[in-house]
Amino acid sequence: MLQTLAETRQFFRENDWHTILARMNARDTHPVIQFMKYGICGVGSLIVGQSIWLALSIWVWPALDSDLPKEVRALHSTYNNLISFFFGNLFAYFTNSKWVFTPGRHHRLLEFFYFTLISTVAFVIGLSTGPMLIQMYGISTLLAQLLMLTSSVLVNFVCRKFFVFKN
């Protein structure tokens, strides 16, 4: 693993931006670069999903007001996550299939189904854990959200790389 990271660092030091960008846009790129691309798409998906979650948490089902009972915050956060998940997942699928992974292991609809299934499993685990942490330990809604996102990133990358898309 350290050797892989050292090789990636050396690649970035020895090449100009044109070469680096060309390598970033190649499908058959180094796994570390692929994970970096995945991270960029993930940030985009995160921005889409969390912007929707935040808007809903402020204006539709309030989940950030600390004056609300923790049970209400947890329930509202769950509603908001369910809605924002759909849009974040859609963004993630399109960007990952166009830039990060090589599609074609499965028919496009089946590929999207598997992609969504993996996202859903990771999401449900995080979704059940977040409100539990809020209710049991009284942690902030934003910290619970961060913990959910961190665990989802790791599970999703591994499953998508080895199950949904071609390597």
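Above this text you will find the structure in question.
The sections below set out a description of the structure shown in this document. On a predicted model such as this, the values are computed, not experimentally measured, just so you know.

1. A look at the overall build of the protein chain
Right, on to step 1. Within the protein chain, the regular secondary structure consists of six helices and zero strands.
Right, on to step 2. Reading the secondary structure of the protein chain in the N-to-C direction produces α-α-α-α-α-α.
Right, on to step 3. By its C-alpha atoms, the protein chain is 55 × 35 × 25 Å across when sized along the principal axes.
Right, on to step 4. Sorting the 167 residues of the protein chain into buried and exposed places 39% on the buried side.
Right, on to step 5. Considering only contacts within the protein chain whose residues lie at least 6 apart along the sequence, 68% involve residues at least 24 apart.
Right, on to step 6. Element-wise, carbon and sulfur atoms account for 72% of the exposed surface of the protein chain, whose accessible area totals about 9,800 Å².
Right, on to step 7. If you average the places of the 13 positive and of the 8 negative side-chain charges in the protein chain, the two averages end up 8 Å apart.

2. Considerations on the packing of aromatic side chains
Right, on to step 1. For the structure on display, the rule yields 16 aromatic pairs.
Right, on to step 2. Ring geometry for Y93 and F94: centres 5.5 Å apart, planes at 65°, overall edge-to-face.
Right, on to step 3. Residue classification places Y93 among the buried residues on the basis of a relative accessible area of 2%.
Right, on to step 4. Their ring planes at 55° and their centres at 4.9 Å tell us that Y114 and F163 sit as a pair that is tilted. With Y114 in helix α5 (residues 108-137) and F163 in helix α6 (residues 141-164), this residue pair connects regions lying 49 residues apart in the sequence.
Right, on to step 5. Each member of the aromatic cluster is reached from another via a ring pair, and the members are F35, Y38, Y93, F94, F101, F112, F115, F157 and F165.

3. Examining α5
The α-helix advances 3.6 residues per turn, and as a result positions three or four apart in sequence lie on the same side.
Right, on to step 1. The end-to-end C-alpha distance of α5 is 42 Å, a good match for the 44 Å that 30 residues give at a rise of 1.5 Å each.
Right, on to step 2. In the stretch just after α5, G138 is the one whose phi turns positive, near 65°.

4. Structural notes on the packing of helix α3 (residues 31-59) against α6
Right, on to step 1. Two elements in contact, α3 and α6, have axes whose closest approach is 11 Å; the angle formed by their N-to-C orientations is 140°. Relative to α6, the element α3 lies oblique. Like other packed secondary-structure pairs, α3 and α6 cross with a definite hand, here right-handed. Of α6, the residues touching α3 (which contributes Q34, F35, Y38, L46, Q50 and W53) are T141, L142, Q145, L149, V153, N156, F157, R160 and K161.

5. Some remarks on the nonpolar core
Right, on to step 1. The biggest cluster of nonpolar side chains holds 12 residues, and these are Y38, C41, A92, Y93, V100, F101, Y114, F115, I118, F157, V164 and F165.
Right, on to step 2. Taken together, the elements giving at least two residues each to this core come down to α3, α4 (70-100), α5 and α6.
Right, on to step 3. Setting aside its immediate chain neighbours within four residues, F101 contacts R27, Q34, Y38, N96, F157, R160, K161 and F165.

The rules behind these values
Residues numbered from 1 in each chain as written. Predicted model: local features only at pLDDT ≥ 70, side-chain atom pairs only at ≥ 80, totals over all residues. Heavy atoms only, no water. Helix = DSSP H or I, 4+ residues; strand = E, 2+ residues; numbered from the N terminus. Buried < 20%, exposed > 50% of the residue type's maximum accessible area, 1.4 Å probe, protein only. Contact = heavy atoms within 4.5 Å. Areas by Shrake-Rupley, 256 points an atom, 1.4 Å probe, with all protein chains shown as cover. Lys, Arg positive; Asp, Glu negative; His and termini not counted. Charge placed at Lys NZ, Arg CZ, Asp CG, Glu CD. Phe/Tyr/Trp six-rings, centres within 6.5 Å; stacked < 30°, edge-to-face > 60°. Expected span 1.5 Å × (residues − 1). Axes fitted to C-alpha atoms, helices over the stretch in contact; angles between N-to-C directions. Parallel < 35°, antiparallel > 145°, perpendicular 65-115°, else oblique. Left-handed = near helix turned anticlockwise from the far one by under 90°. Core = buried A, V, L, I, M, F, W, Y, C linked by side-chain atoms within 4.5 Å.

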